[in-house]
Amino acid sequence: MVRWGVLSTGSIVNDFVLALKRTPDAELYAVASRTQAAADEFASKHGFQRAYEGYAALVADEQVEIVYIATPHAFHCDNILMCLEAGKHVLSEKPMAVNAQQTEACIAKAKEKNLFLMEGMWTRFFPTTRAVRKAVTDGAIGKVISVTASLGFKSEPEFNERLFLPELAGGALFDVGIYPAMWISMVLGTPQKVTAQAVMTASGVDSQTFATFEYDNGAMAHMQCSFNGCLQNEIVIVGETGFIKVSAPTQAPDTYSITTRQDEKFDPLLQRGKTVTVTTPLDPPHYGEAPGYNFVGSQGFVYEAMAVHEALKNKWIEHPEMPLAETLAMAKIFDQVRAQIGLRYPWDKD
């Protein structure tokens, strides 16, 4: 059994814990919150054995093997370092940290302690994501020339104040932009050039950011994220001999289609060709909020949890499907995007 500890008792933690209950060999051992009452309530609801007031108390428990961190973005780095220093493996909600310098510090500490560390990009482990990645790698659409990926919805401070607070690393880029960026990074790797523009809020965070990634091999990608309105929320990967379309939602997809030319009469303008659509439904096999879950698709957390167990069983300090080098590379790209759009946080240095 893998003894899990979780930091925070928010909505996303609720969903992750529900998925852990469906994960073989997962033991709900300890939960920590800022107050004992909140920790006790969460422990009672989900069946945790221990409930702690304060995160340091949980980390000090020698029985905890791995910690799931789901505190606000601004605190991820400090929480990660605290857990690693105490000898705990760590799965941190995305983003791992809010700049490349913090990300480097977390990775260095994990390697120093020989402990597992991973950014919680749960989307990476969905059956649909894995199938699309394999199709691209196998050359199903030939050389990839472009990727477009978006995620956006209408939000207001009264809906979720955290998203609009710079002191909590708010903004569309880190909250939702990281998902389309993940798809682009998975398919094309790290870009050589990034160009970004944004709409900023009165509080100083971005409510909408569009960025173009350019690659030495001629490929290009376009990332869109927004709190100003609902975007298409899908991914289109274009190759020289066809294209793949991943249906919404970007962060938790269950359907994709591959269109390839059947013969020399393939009409690229009309997109006539052979189209195969594949659906890999979650449990339950439909979208909408499943009983007990707060967010669409959260049942899919089980795939991420299973991947973590795989890594721990094999004594890996990182998972090959979500490597630390990629997390750091994209942190550096996001630093460039932030510099271009003027997204600054209180801890940023001049």
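The notes below deal with the structure included here. What you see is a predicted model; the values in this text were computed from it and never measured.

1. Focus on the pattern of salt bridges
Once the charged atoms of two side chains with opposite charge are near each other, the side chains can pair.
Then, number 1: What the rule picks out here adds up to 10 salt bridges.
Then, number 2: The residue Lys-154 makes a salt bridge to Glu-156 at a minimum N-O spacing of 3.1 Å.
Then, number 3: Assessed through its relative accessible area of 48%, Lys-154 is described here as partly exposed.
Then, number 4: Between Asp-175 and Arg-162 there is a salt bridge, with the nearest N and O atoms lying 3.1 Å from each other. On the criterion of sequence distance, the pair formed by Asp-175 in helix α7 (residues 172-188) and Arg-162 in the loop between β7 (144-152) and α7 is long-range, its members being 13 residues apart.
Then, number 5: For Arg-162, a relative accessible area of 24% translates into the label partly exposed.

2. Structural notes on the sheet that holds β7
Then, number 1: Strand order in the open sheet made by the 8 strands is β8-β9-β10-β7-β11-β12-β13-β14, with mixed pairing throughout. If you trace the sheet from one side to the other, it starts and ends with β8 (193-200) and β14 (274-279), each paired once. With strand direction ignored, the average angle separating the axes of adjacent strands in the sheet is 10°.
Then, number 2: Where β7 and strand β11 (residues 235-239) come together, 5 bridges link them in antiparallel fashion. What sits directly across from Val-144, in β11, is Gly-239.
Then, number 3: Sitting on the sheet, helix α9 (residues 324-341) is in contact with β8 and β9 (206-214), with an inclination near 50° to β8.

Quick notes on the rules
- Residues numbered from 1 in each chain as written.
- Predicted model: local features only at pLDDT ≥ 70, side-chain atom pairs only at ≥ 80, totals over all residues.
- Heavy atoms only, no water.
- Salt bridge = Lys/Arg side-chain N within 4 Å of Asp/Glu carboxyl O.
- Buried < 20%, exposed > 50% of the residue type's maximum accessible area, 1.4 Å probe, protein only.
- Helix = DSSP H or I, 4+ residues; strand = E, 2+ residues; numbered from the N terminus.
- Pairing = 2+ DSSP bridges.
- Axes fitted to C-alpha atoms, helices over the stretch in contact; angles between N-to-C directions.
- Contact = heavy atoms within 4.5 Å.

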